[in-house]
Amino acid sequence: MSRRQKVCSMCGKLLALSAFHRNKRKKDGRDPACKECNNRRQRLAYAANPQKKIAQTRRYHLEHPEWSKERLRAHHVAHKDERYQRYVDRGKDPRIAAKRREATRRSESRRRALKRGLEAELISEFQFALRLEEFDGKCYICGEILGADLHWDHFRPLTAGGRHVLSNLFPACDLCNVRKNSCWPFTEKRRKEIAEEVRALRKQSVSKPERR
Ligand SMILES: [Zn+2]
Ligand SMILES: [Zn+2]
């Protein structure tokens with residue numbers, strides 16, 4: 001038998017050395033079983049007890065941090081397109097799309113404040129959720145229950161020196177938000193006017209609902 005070939009201990013086939021994984025602990029520097037047999041054995045072991053294999057892999061990652069980092073980075077790069085496709089597919093769910101739009105609006109309004117050199121807190125999604133609860137999930141101008149149309153209005157507009165802090169952010173529907181715009185000072189009289197206008201508009205368009 002040539003030194004470039006050996007017999008697999010599992011399938012008994014005579015194969016090129018390159019068909020065997022390297023193994024420093026073996027005399028000939030190769031595993032006794034061929035790669036194909038090894039892979040099959042590992043697949044069977046995984047099918048029999050996936051949790052065990054997952055725990056082993058996790059341990060190996062923890063014990064080899066440098067290797068792990070490189071491995072995860074390579075995986076990240078190799079699966080870029082699939083990941084993006086999954087992101088796009090999830091976005092087809094209207095609820096997720098609405099959530100994303102709201103998150104974009106939130107970060108854009110913070111960016112606008114920072115651009116003006118104004119104080120702008122980094123506010124977590126959880127803080128926003130609590131803030132919305134303070135208003136019972138309703139638009140502070142017209143009182144409509146908010147859904148996909150939720151906007152965070154700077155009560156005192158940034159243009160009037162308002163700050164991007166939670167206490168200056170009020171939940172509003174898009175109809176009210178666009179009408180209030182950068183009105184300042186925002187009087188109770190003006191709030192009522194907008195509310196009436198928006199409610200009338202909603203009544204008109206009852207036949208063609210605008211909200212999900
Ligand atoms: Zn084999
Ligand atoms: Zn409203």
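All values derive from a computational prediction rather than experimental measurement. (Residues numbered from 1 in each chain as written. Chains lettered and ligands numbered in written order. Predicted model: local features only at pLDDT ≥ 70, side-chain atom pairs only at ≥ 80, totals over all residues. Heavy atoms only, no water.)

Asks: Got a minute to help me understand the environment of Met-10 in this structure?
Replies: Here Met-10 is to be found in the loop between strand E1 (5-7) and strand E2 (14-16). What makes Met-10 partly exposed here is its relative accessible area of 44%. Taking the C-alpha atoms as reference, Met-10 lies 9.9 Å from Arg-41; in sequence the two are 31 residues apart. The residues touching Met-10, leaving out its near neighbours within four places in the chain, are Ala-33, Cys-37 and Arg-41. (Helix = DSSP H or I, 4+ residues; strand = E, 2+ residues; numbered from the N terminus. Buried < 20%, exposed > 50% of the residue type's maximum accessible area, 1.4 Å probe, protein only. Contact = heavy atoms within 4.5 Å.)

Asks: Help me understand the coordination of the zinc ion (ligand 2), please; the structure alone is not making it clear to me.
Replies: When a metal holds four donors in a tetrahedron, each ideal angle between them is 109.5 degrees; when it holds six in an octahedron, the ideal angles are 90 or 180 degrees. Of the protein atoms, only Cys-139 (SG), Cys-142 (SG), Cys-173 (SG) and Cys-176 (SG) coordinate the zinc ion (ligand 2), at distances of 2.3 Å. If you look at the zinc ion (ligand 2), its four donor atoms make angles of 99 to 119° with each other, and the shape they trace is tetrahedral. Along the chain, the residues donating to the zinc ion (ligand 2) are arranged with the sequence spacing C-x2-C-x30-C-x2-C. Here Cys-139, found in the loop between helix H6 (125-134) and strand E3 (150-154), pairs with Cys-173, found in strand E4 (residues 169-173); they are 34 residues apart in sequence, far enough to count as distant. Exposure remark for Cys-139: the relative accessible area of 3% places this residue in the buried category. Take Cys-173: its relative accessible area is 0%, and that puts it in the buried class. (Donors = N, O, S within 2.8 Å, 3.2 Å for Na, K, Ca; no water. Tetrahedral: all angles 85-135°; square planar, octahedral: opposite > 155°, others 65-115°.)

Asks: Help me out: how do you make sense of the coordination of the zinc ion (ligand 1) in this one?
Replies: Coordination sphere of the zinc ion (ligand 1), protein contribution only: Cys-8 (SG), Cys-11 (SG), Cys-34 (SG) and Cys-37 (SG), at 2.2 to 2.3 Å. Around the zinc ion (ligand 1), the four donor atoms are arranged such that angles at the metal cover 98 to 125°; this shape is classified as tetrahedral. Taken in sequence order, the residues that donate to the zinc ion (ligand 1) follow the motif C-x2-C-x22-C-x2-C.

Asks: Before we go on, may I ask you to explain the confidence of the model for the protein chain in this structure?
Replies: Atom-level detail of predicted coordinates should not be read off regions where pLDDT is low. The pLDDT averaged across the protein chain works out to 91; a share of 96% of its residues lies at or above 70. The secondary-structure element of the protein chain with the lowest mean pLDDT is helix H5 (residues 94-115), recorded at 89, while E4 shows the highest, at 96. (pLDDT = per-residue confidence, 0-100.)

Asks: When you look at a positive patch on the surface in this model, what are you seeing that I'm missing?
Replies: A surface patch of positive charge is lined by Arg-3, Arg-4, Arg-22 and Lys-35. Within the fold, Arg-22 resides in the loop between E2 and helix H1 (35-48). (Patch = residues over 30% accessible without salt bridge, like charges linked within 9 Å, V, L, I, M, F, W, Y side chains within 5 Å. Areas by Shrake-Rupley, 256 points an atom, 1.4 Å probe, with all protein chains shown as cover. Salt bridge = Lys/Arg side-chain N within 4 Å of Asp/Glu carboxyl O. Lys, Arg positive; Asp, Glu negative; His and termini not counted. Charge placed at Lys NZ, Arg CZ, Asp CG, Glu CD.)

Asks: How should unusual backbone geometry be read in this particular structure?
Replies: Where the residue is not glycine, phi is negative for most of them; where a peptide bond is considered, it is trans in most cases. Residue Pro-185 is reached from Trp-184 by a cis peptide bond, and omega for that bond is -5°. If you check the backbone angles, Asp-136 has positive phi at about 50° while not being a glycine. Looking at the element boundaries, Asp-136 is found in the loop between H6 and E3. Look at Asp-136 and you get exposed, because its relative accessible area is 58%.

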